[in-house]
Amino acid sequence: MNRIKTDLLVIGAGSGGLSVAAGAAQMGADVTLLEGGKMGGDCLNYGCIPSKALIASGKAAHAQAHASPYGIADVVPQVDYAAAKDHVHDIISQIEPHDSQARFQGLGVRVIREYGRFISQTEVQAGDHVITARRIVIATGSSPLVPPIPGLDSVPHETNETLFDLREKPDHLLIVGGGPIGMEMAQAHRRLGCKVTVIEGAKALGKDDPETAGVVLDALRGEGIEIAEDAMASEIRGTKGAIEVEAEDGRLFKGSHLLIAVGRKPNIDRLNLDAAGIETTRSGIEVDNALKSTNRRVYAIGDVAGGLQFTHVAGYHAGIVIRSALFGLPAKAGTAHIPWVTYTAPELAQIGLTEAQAREAHGDRIEIVRFPYSQNDRATAERQTTGLIKVMILRGRPVGVSIAGAQAGELINLWALAMANGLKMKHVANMVAPYPTMGELNKRVAGAYFSPRLFDNSKVKTIVGLVQRWLP
Ligand SMILES: Cc1cc2nc3c(=O)[nH]c(=O)nc-3n(C[C@H](O)[C@H](O)[C@H](O)COP(=O)(O)OP(=O)(O)OC[C@H]3O[C@@H](n4cnc5c(N)ncnc54)[C@H](O)[C@@H]3O)c2cc1C
Ligand SMILES: NC(=O)c1ccc[n+]([C@@H]2O[C@H](COP(=O)([O-])OP(=O)(O)OC[C@H]3O[C@@H](n4cnc5c(N)ncnc54)[C@H](O)[C@@H]3O)[C@@H](O)[C@H]2O)c1
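Residues numbered from 1 in each chain as written. Chains lettered and ligands numbered in written order. Predicted model: local features only at pLDDT ≥ 70, side-chain atom pairs only at ≥ 80, totals over all residues.

A few words on the overall build of the chain. Helix and strand counts for the chain come out as 14 helices and 21 strands. The C-alpha atoms of the chain give 25 Å as radius of gyration, which agrees with the globular expectation for 472 residues (23 Å, within 12%). Projected onto its principal axes, the C-alpha positions of the chain cover 90 × 55 × 40 Å. Out of the 472 residues belonging to the chain, those deemed buried represent 44%. Sequence-distant contacts in the chain: of pairs separated by 6 or more residues, those separated by 24 or more amount to 65%. (Helix = DSSP H or I, 4+ residues; strand = E, 2+ residues; numbered from the N terminus. Rg over C-alpha atoms; globule rule 2.2 N^0.38 Å. Buried ≥ 20, exposed ≤ 12 C-beta atoms within 10 Å, placed from the backbone. Contact = placed C-beta atoms within 7 Å.)

Here it is as structure tokens:
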């Protein structure tokens, strides 16, 4: 056995683990990083990057087929599905060096390409190494949940771990699960020429605000995607090319290929957590708001910590752990200022409270303002007028923003800044936004908050009247 002593042991080289390792090593800590699978984790290899690359292929095809409103003839896109997958892998390989073993070794991190398992409160075994660490960060991520639906184990199916290697174009893709994975992949495949049916057990995009999610679902249905809601898949049968999914209420869906996208399960099986006294919940490792597990020397971050499961959350967690483990400073992870975006077209973005959550938490004190894309000149010029921005406001401060529309993911950035720093609506209204940009929507919705106060206000009218009488 090779014995290693280290300041910080990071288990998992995905979005969270890499951020902790890079930060800690560059600040002078002795860092050991374990990775049993691919460097870069889910986001680079099976998640954000391949999905956004395939969405880009779909967007290119869609633009060809819908060019005539801009004065350019529509073309039936000649889709080479396998070539689109080559594009996906090319994009992964362009980003790969940033997450590579060589780069991290260059930063001074000791990288061990093995799965780790606890053998005591302070020791982890990885291959023939036993590592003792002052502090340990578990950043092992999550895997696709493949539920025990009768028949599924004997029917060929894809998950996010296999879909991006599939090279034959599905004739008719059935997708079980209408969350972000399901809806993003539904639209990408529809635009690449597949028939697509989404089978959703409750409401599609159900974690988002129903009003803004509704805008996206209408658009997806308009592109020809069948979205069946309240359709809990209860039995799956068939063989490659001829698959059937039956819902609890008897509805039957037939297709050629099947994608399972019904959520995630935390990667904890290999860790032997009992040996370290680390407790778990149904969604992952139990952590307090400083991301410490029930073993006070061990943190859990990112997907395995069971909260919001996004790359930027894993990165945010990494910053909190560095502050706590390296500097011994207090640090708490919040969620009120965390945005998320579903990269459909139109995009769907959310930060903080939805309208229903805001009303439940703050009752009548909540004010809601909306502004439609149809009143934005840039959106009009680009024929992207579908959508709206909606802001939930408590005593002049935004507590939630929901956006559906083109570039919603870019627009939410401003609200992420505002909400992370406690800015008020007046700060957004004071900004001068360049014309004509989609970003003006943010300023205009802030204007919509103030305009009744200014324009429907008898005091303001009286003051203006008096001043005008005295002005030379
Ligand atoms: C299809 C899809 C699309 C997505 N799109 C987005 C998006 O657009 N934006 C966004 O913000 N998020 C997106 N996500 C979510 C995002 O990928 C995850 O939230 C993020 O990767 C979590 O980072 P992590 O560090 O917690 O885990 P991961 O990135 O999964 O990394 C965990 C790593 O730990 C390794 N590991 C596991 N167990 C062990 C062990 N015992 N020892 C050593 N190594 C181990 C794994 O091999 C893996 O490499 C998407 C996810 C999917 C599936
Ligand atoms: N753009 C992004 O940031 C992005 C994109 C993809 C994934 N992700 C992350 O990955 C996570 C997982 O995504 P996901 O879409 O797999 O999960 P999800 O939990 O968000 O959605 C899963 C959906 O499947 C449905 N479902 C569950 N069992 C079912 C059954 N038997 N039949 C029919 N429907 C069923 C649920 O009602 C739910 O709506 C997301 O929550 C998100 O954190 C993020």
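Here the narrative resumes.
Before going further, it helps to examine unusual backbone geometry. Cis geometry is found at the peptide bond from Ala345 to Pro346, where omega equals 0°. Tracing the backbone shows Pro346 in the loop between strand S17 (339-342) and strand S18 (347-352). Residue Pro436 is bonded to the preceding Tyr435 through a cis peptide linkage, with omega at -5°. In this structure, Asn272 is a non-glycine residue whose phi angle is positive, near 50°. With respect to the element layout, Asn272 can be found in the loop between strand S15 (264-266) and strand S16 (298-300).

Spatially, the three strands line up as an open sheet ordered S11-S12-S13, and their pairing is antiparallel. Here the strands that pair on one side only, and so sit at the sheet edges, are strand S11 (233-239) and strand S13 (252-255). With direction set aside, neighbouring strand axes in the sheet form an average angle of 15°. With six bridges joining them, S11 and strand S12 (residues 242-247) adopt antiparallel strand pairing. Bridge pairing links Gly238 to Ile243 in S12. (Pairing = 2+ DSSP bridges. Axes fitted to C-alpha atoms, helices over the stretch in contact; angles between N-to-C directions.)

With that settled, the discussion passes to the site of ligand 1. The local shell around ligand 1 holds 38 residues, among which Gly12, Gly14, Gly41, Gly141 and Gly302 are the closest. Contributing elements (two or more residues each) for the shell around ligand 1: helix H1 (15-26), helix H2 (41-45), helix H3 (48-65) and helix H8 (311-327). Of the residues in the shell around ligand 1, the class split is 14 nonpolar, 19 polar and five charged. (Near = placed C-beta within 6 Å. Nonpolar A, V, L, I, M, F, W, Y, C, P; charged D, E, K, R; others polar.)

This brings us to the UniProt feature "binding site: NAD(+)" (unreviewed entry) in the chain. As recorded in UniProt, the feature "binding site: NAD(+)" (unreviewed entry) lies at Gly177, Gly178, Gly179, Pro180, Ile181, Gly182, Met183, Glu184, Glu200 and Gly263. Across 87 residues in sequence, these annotated residues keep their C-alpha atoms within 13.8 Å of one another, forming a single compact spot. Within the secondary structure, Gly177 sits in the loop between strand S8 (172-176) and helix H6 (180-191). Residue Gly177 is classed as buried on the basis of its 24 C-beta neighbours within 10 Å. When sequence neighbours within four positions are dropped, the list of residues in contact with Gly177 reads Gly182, Glu200, Ile260, Ala261 and Val262. Secondary-structure assignment places Gly182 in helix H6. Setting aside its immediate chain neighbours within four residues, Gly182 contacts Ile175, Gly177, Val198 and Ala261. (UniProt positions renumbered as here; feature names shortened; annotations may be inferred.)

Here we come to helix H11 (residues 408-420). Compared with an ideal rise of 1.5 Å per residue, which puts 13 residues at 18 Å, H11 spans 18 Å between its outermost C-alpha atoms and is within 8% of the ideal. Every buried residue belonging to H11 is among Ala408, Leu411, Ile412, Leu414, Trp415, Ala418 and Met419, and all of these are buried. Those residues of H11 hidden inside the fold are in contact with S17, S18, strand S20 (387-394), strand S21 (397-405), helix H12 (425-430) and helix H13 (440-455). The first or second residue beyond H11 is Gly422, which carries a positive phi of 65°. (Expected span 1.5 Å × (residues − 1).)

Averaged over the chain, the pLDDT score is 97; the fraction of residues at 70 or greater is 100%. For the chain, per-element mean pLDDT is lowest for helix H14 (residues 458-470), which scores 82, and highest for strand S9 (residues 195-199), which scores 99. (pLDDT = per-residue confidence, 0-100.)

Within the secondary structure, Ala233 sits in strand S11. Given 26 C-beta atoms within a 10 Å radius, Ala233 is considered buried. A sequence separation of 87 residues divides Ala233 from Ile320, and the C-alpha atoms of the two residues are 39 Å apart. Setting aside residues no more than four positions away along its own chain, Ala233 makes contact with Ile149, Val176, Ile199, Gly201, Val245 and Ala247.

This paragraph deals with the site of ligand 2. Neighbouring ligand 2 are 28 residues; Gly177, Gly179, Gly201, Gly263 and Gln309 lie closest to it. Going through the elements one at a time, H6 and S17 are the ones with two or more residues in the shell around ligand 2. The dominant element in the shell around ligand 2, judged by the number of residues it contributes, is H6, at four residues. When residues of the shell around ligand 2 are sorted by domain, at least three fall in each of domain 2 (152-263) and domain 3 (339-455). (Domains from an automatic or database assignment.)

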